[in-house]
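# Chains, contacts and geometry: an overview
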Amino acid sequence: MTIAIDFDGTIVDDRYPDIGREKPFAIEVLKKLIEERHRLVLWTVREGRLLDQAVEFCRKRGVEFYAINRDYPEEEKERNRHFSRKLKVDLFIDDRNLGGLPDWGTIYEMVHDQRITYERLMEKYSEQELPPRRPGFWSRLLGH
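Anyway, here's the lowdown on the structure attached to this text. Model, not experiment: these values are computed from the prediction.

### Things to note about the nonpolar core
In this structure, Ile5, Phe7, Ile11, Leu30 and Trp104 are the most contacted members of the largest nonpolar core, which totals 24 residues. Breaking this core down by element, the ones donating at least two residues are strand E1 (2-5), helix H1 (26-35), strand E2 (39-42), helix H2 (48-60) and helix H3 (104-112). What Ile5 contacts, discounting residues up to four positions off in sequence, is Thr10, Ile11, Leu30, Leu40, Val41, Leu42, Trp43, Ile93 and Trp104. Ranked by size, the runner-up nonpolar core spans six residues in total, among them Val41, Trp43, Leu87 and Val89.

In structure tokens form, the structure reads like this:
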């Protein structure tokens, strides 16, 4: 699969423009996905020097991306009459996903076993004994 991955808030804690602390197991999972022959595309708002810092952060930890802020390494906006900012990838991993960013172990499990959905994983984990949840904001606000 070709997988687009955000940087700030996904690989590292969001401290933009600084580089935040590495998210637990993010680098290990990314290296494992590369080892399994997935093509990883770094897809981030960072540009210029800030982008170089993010790429170097990952490179020092053993993560080399297939492409950075483009569909494929040799893509040039000036030579592509059909250039689109929409990536042509199989999957996006981003902290802005609806429902937030699952932990990197869950992400790996979903990518590795492509038949398992986030919904199925949540069912699997909900079968385990979990501590009671505090009522959410809307429940407290509406008195439910």
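From this point on, the discussion continues.
### Quick notes on the packing of H3 against helix H4 (residues 118-126)
Packing of H3 against H4 leaves a shortest axis separation of 10 Å and a crossing angle of 125°. Comparing their axes, H4 and H3 come out oblique. Where H3 crosses over H4, the two elements pack in a sense that is right-handed. Contacts between H3 and H4 involve Thr106, Glu109 and Met110 on the former and, on the latter, Tyr118, Leu121, Lys124 and Tyr125. Residue composition of the contact of H3 with H4, by class: four nonpolar, one polar and two charged.

So, how was this worked out
- The residue numbers shown here count from 1 along each chain, following its written sequence.
- Only residues with pLDDT of at least 70 are given local features in this predicted model, and only at 80 or more are side-chain atom pairs given and counted; all residues enter the totals for whole chains, interfaces and linings.
- Only hydrogens and water are removed before side-chain values are computed, so all heavy atoms of the structure are retained for them.
- Definition used in this section: a nonpolar core is a set of buried Ala, Val, Leu, Ile, Met, Phe, Trp, Tyr and Cys residues joined via side-chain atoms within 4.5 Å.
- Remark: exposure states derive from per-residue accessible area (1.4 Å probe, protein chains only) relative to the maximum for the residue type, with buried under 20%, exposed over 50%, and partly exposed in between.
- A run of DSSP states H or I qualifies as a helix once it reaches four residues; a run of E qualifies as a strand once it reaches two. Both are numbered from the N-terminal end.
- In this analysis, two residues are considered to be in contact whenever any of their non-hydrogen atoms come within 4.5 Å of each other.
- Fitted lines through C-alpha atoms serve as axes, helices being fitted only where they are in contact, and the angles separating the N-to-C directions of these axes extend from 0 to 180 degrees.
- Comment on the angle field: the value is read as roughly parallel under 35 degrees, roughly antiparallel over 145, roughly perpendicular from 65 to 115, and oblique elsewhere.
- Here a crossing is taken to be left-handed if its near helix is turned anticlockwise relative to the far helix by less than a right angle, and right-handed if that turn runs clockwise.
- In this count, Pro and Cys sit with the nonpolar residues alongside Ala, Val, Leu, Ile, Met, Phe, Trp and Tyr, while Asp, Glu, Lys and Arg are called charged and the others, Gly among them, polar.

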